[in-house]
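If you want the building blocks of each chain, they are given just below.
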Amino acid sequence: MEDRATVSVSVDGAPAEATLVGGVELRWRRAGGGRRGRGAEERVLSLEDDVLGVEARGKEVVVRAFVAAGATRTPSCAAGAGGKRVKRRRRDYVFVMADGEGAAAAWGERLGGCLDSFGRPKRLFVFVNPFGGKKCAKKIYETEIKPLFQAAGVSITMQETRYQGHAREVASSLDLANYDGIVCVSGDGVLVEVVNGILQRTDWEEGIKMPIGVVPAGTGNGMAKSLLHAASETYSVSNAVFAIIKGHRQPLDVCTILQGEKKFFSVLLLTWGLVADIDIESEKYRWMGSARLDFYAVVRIMNLKKYCGSILFVPAPGYEAYGEPIKQVENSILESVDQNGKSHTCSYPGPSVEFQASDWRFIDGPFVAVWINNVPWAAEDIMAAPEAKFSDGYMDAVIVRDCPKADLLALLMKMGDGSYVKSPYVTYLKVKSFQLSPGQLVGNPKRGGIIDVDGEVIARGEGTYGKNQHQDLMAYGPPIQLSVHRALATVYCPTKHW
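Calculation notes
Residues numbered from 1 in each chain as written. Predicted model: local features only at pLDDT ≥ 70, side-chain atom pairs only at ≥ 80, totals over all residues. Heavy atoms only, no water. Helix = DSSP H or I, 4+ residues; strand = E, 2+ residues; numbered from the N terminus. Buried < 20%, exposed > 50% of the residue type's maximum accessible area, 1.4 Å probe, protein only. Contact = heavy atoms within 4.5 Å. Areas by Shrake-Rupley, 256 points an atom, 1.4 Å probe, with all protein chains shown as cover. Pairing = 2+ DSSP bridges. pLDDT = per-residue confidence, 0-100. Salt bridge = Lys/Arg side-chain N within 4 Å of Asp/Glu carboxyl O. Core = buried A, V, L, I, M, F, W, Y, C linked by side-chain atoms within 4.5 Å. Axes fitted to C-alpha atoms, helices over the stretch in contact; angles between N-to-C directions. Left-handed = near helix turned anticlockwise from the far one by under 90°. Nonpolar A, V, L, I, M, F, W, Y, C, P; charged D, E, K, R; others polar. 1 Å grid on protein atoms, 1.4 Å probe; cavity = no way out; pocket = protein on both sides within 12 Å on 5 of 7 lines; lining within 4 Å. Points joined across faces, edges and corners; volume = space filled by probe spheres on them.

Student: Outline the overall build of the protein, supporting the account with residue identities and numerical values.
Tutor: From N to C terminus, the protein includes 12 helices and 25 strands. Looking at the protein residue by residue over its 498 residues, the buried ones come to 53%. Considering only intrachain contacts with a sequence separation of at least 6, the fraction spanning at least 24 residues in the protein is 73%. By element, 49% of the accessible surface of the protein is carried by carbon and sulfur atoms, the whole surface being about 22200 Å².

Student: Quick one: what's the story with the pairing of strand β24 (residues 456–460), residue by residue and with numbers?
Tutor: With 4 of its 5 residues buried, β24 lies for the most part within the structure. In this sheet, β24 lies alongside strand β23 (residues 450–453) in antiparallel orientation, the contact comprising 4 bridges. What sits directly across from V453, in β24, is E456. The turn joining β23 and β24, which pair antiparallel and follow one another in sequence, is formed by 2 residues; a positive phi near 55° is taken by D454.

Student: Just give me the short version of the confidence of the model for the protein, but keep the residues and values in it.
Tutor: Put simply, the protein has an average pLDDT of 89, and 90% of its residues get 70 or more. Under a pLDDT of 50 for its full length, residues 74–83 has, in the predicted model, 11 contacts with residues more than four places off or in other chains.

Student: Kindly report on the pattern of salt bridges, identifying the contributing residues and their values.
Tutor: Note that side chains of opposite charge can pair when their charged atoms are close. Inspection of the entire model under this criterion finds 23 salt bridges. Linking R57 and E60 is a salt bridge whose minimum nitrogen-to-oxygen distance equals 3.2 Å. On the basis of relative accessible area, R57 is assigned to the partly exposed category, the value being 41%. You can call E60 partly exposed: its relative accessible area is 26%. Linking D396 and K430 is a salt bridge whose minimum nitrogen-to-oxygen distance equals 2.9 Å.

Student: Tell me about the nonpolar core, residues and numbers included.
Tutor: Grouped together as the largest cluster of nonpolar side chains are 91 residues, with contacts concentrated most on V194, M223 and F434. No other element matches the 7 residues that helix α5 (residues 189–199) contributes to this core. Apart from the residues within four sequence positions on either side, F434 is in contact with I311, L312, F313, V370, I372, M395, I480, Q481 and L482. Counting 26 residues, the second-largest nonpolar core is a separate cluster that includes V11, W28, Y93 and C114.

Student: Go over the packing of helix α3 (residues 137–151) against helix α8 (residues 237–246), please, and point to the residues and values.
Tutor: The contact between α3 and α8 brings their axes to 10 Å, and the two run at 35°. In this structure, the crossing between α3 and α8 has a hand that is right-handed. Across from I140, E144, I145, L148 and F149 in α3, the residues of α8 making contact are V237, S238, V241, I244 and I245. Along the lines of polarity and charge, the residues of the contact of α3 with α8 split into 8 nonpolar, 1 polar and 1 charged.

Student: Give me the lowdown on empty space enclosed by the protein, citing residues and values where you can.
Tutor: Applying the stated criterion across every chain, the model contains 4 cavities of 30 Å³ or more. There is about 100 Å³ of room inside the largest cavity. Around the largest cavity, the lining residues are L274, V275, A369, W371, V398, V400, L408, L411, L412, M415, Y420 and V426. Sorting the residues of the lining of the largest cavity by element identifies α9 (274–281), β18 (369–373), β21 (395–400) and α12 (405–413) as the ones contributing at least two each. In terms of residues, the lining of the largest cavity owes the most to one element, α12, which gives 3 residues. Taken together, the residues of the lining of the largest cavity break down into 12 nonpolar, no polar and no charged. Around the second largest cavity, the lining residues are G213, V214, A224, L227, L228, A240, A243, I244, Y492, C493 and P494.

Student: So what about unusual backbone geometry? Which residues, and what values?
Tutor: A cis amide bond links G365 with the next residue in sequence, P366, at an omega value of 10°. Within the secondary structure, P366 sits in the loop between β17 (361–364) and β18. Although it is not a glycine, S232 sits at a positive phi angle of roughly 60°. With respect to the secondary-structure elements, S232 resides in the loop between α7 (222–230) and α8. Judged by relative accessible area, which is 29%, S232 ranks as partly exposed. With a phi close to 55°, A487 is a non-glycine residue in the positive phi region. Structurally, A487 can be placed in strand β25 (residues 480–492). The partly exposed category is assigned to A487, whose relative accessible area is 34%.

Right, here's the structure in full:
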């Protein structure tokens, strides 16, 4: 039998009856109206999907909601039905209890208990990167993010990042027992730092279970866009925050990038060739804002570069026909795989990877671009890997070996919906493991390329942008190995998965 509790209230000065249904819905209808009368229209709030928090205040119960713009839902037209993206806004609903303060306190406690039963986070550690994107993260936090957390009754500890790598340092030593989750108000860079910081801890096995939330406030924002788009939610700061407040979680694959004893953990992408060159070399035009990427993409295509090199990979089921078989696996692969678990035993050693020589395939260059993706969106307006899943245990590889300039420009115009991967010039496949051996620029053996992981350069060859100003983690030229650990991390998401 459905659990129902009804109480007499007044709403906007008019008498009404409010009913809590099954601990999941709050319904109310003004008393005294006919079935067809306007006052008789029943309103409904889903406690899980519409409500931020509840407060008893004297005779009043204030329900703080985040609802579809326009009106409170009616039972027959729930917001978001049919997968349609809707815009939400904050609204408070005030119920004045006819039976006074005691009834208000009891109902406030009852509604609060229902919200608590959803497993929502109560204590969050929030990183705010004031340097990312248009440098608006602090303002976004104060005006859009903090008020939503306050309305939901979430206790916040906020830390501004002061320099690159700061979030990684904090995450590596943070007392995680004091928090229910970590939130990154930034582009994708702080998320990557947090994952790397947790995985270098001695208690990484417990630490990596900590849910991580992402609120877009930087340049790329690929993870936030991927999570919201997958749930048919409008891409916005407030929707990203509400996803964290609701507390829904889902697993996320983590890629280990290895070269010798050098190790880095990635949750988004690795690029080499055209995409990496555009991303990094366009930094000199940062004064142009986001237009710098579009501008420099045209510049680079008009002056198209190709790089020598080779790739090896273990295809996912269904992709075995891609590439050419190899008879013997290079020693460097075996050494890279073997090192996982032999070094840095106090921190996460990387996934245990075992493949037969017959599992591997290869493709030789030259290449225009190589792009390895973990999630569908590389940025809020670039769907790099339309078939990518958050926790399928595979990486989605995009390979362009040769492409006329006009066709390449056309491909860029189709990245907004991912349809560019259907081009005959694009090879798209899923892989279990991947190795990149980057070479020099075709026609100029003294100049190398750039390898970009999650928006940061990990290796760059001679003659590249910033070569003499930065000390990169890895060397350009020796093989770089990628392997994936399925569902290692956990992220907050808009819809229920567990």
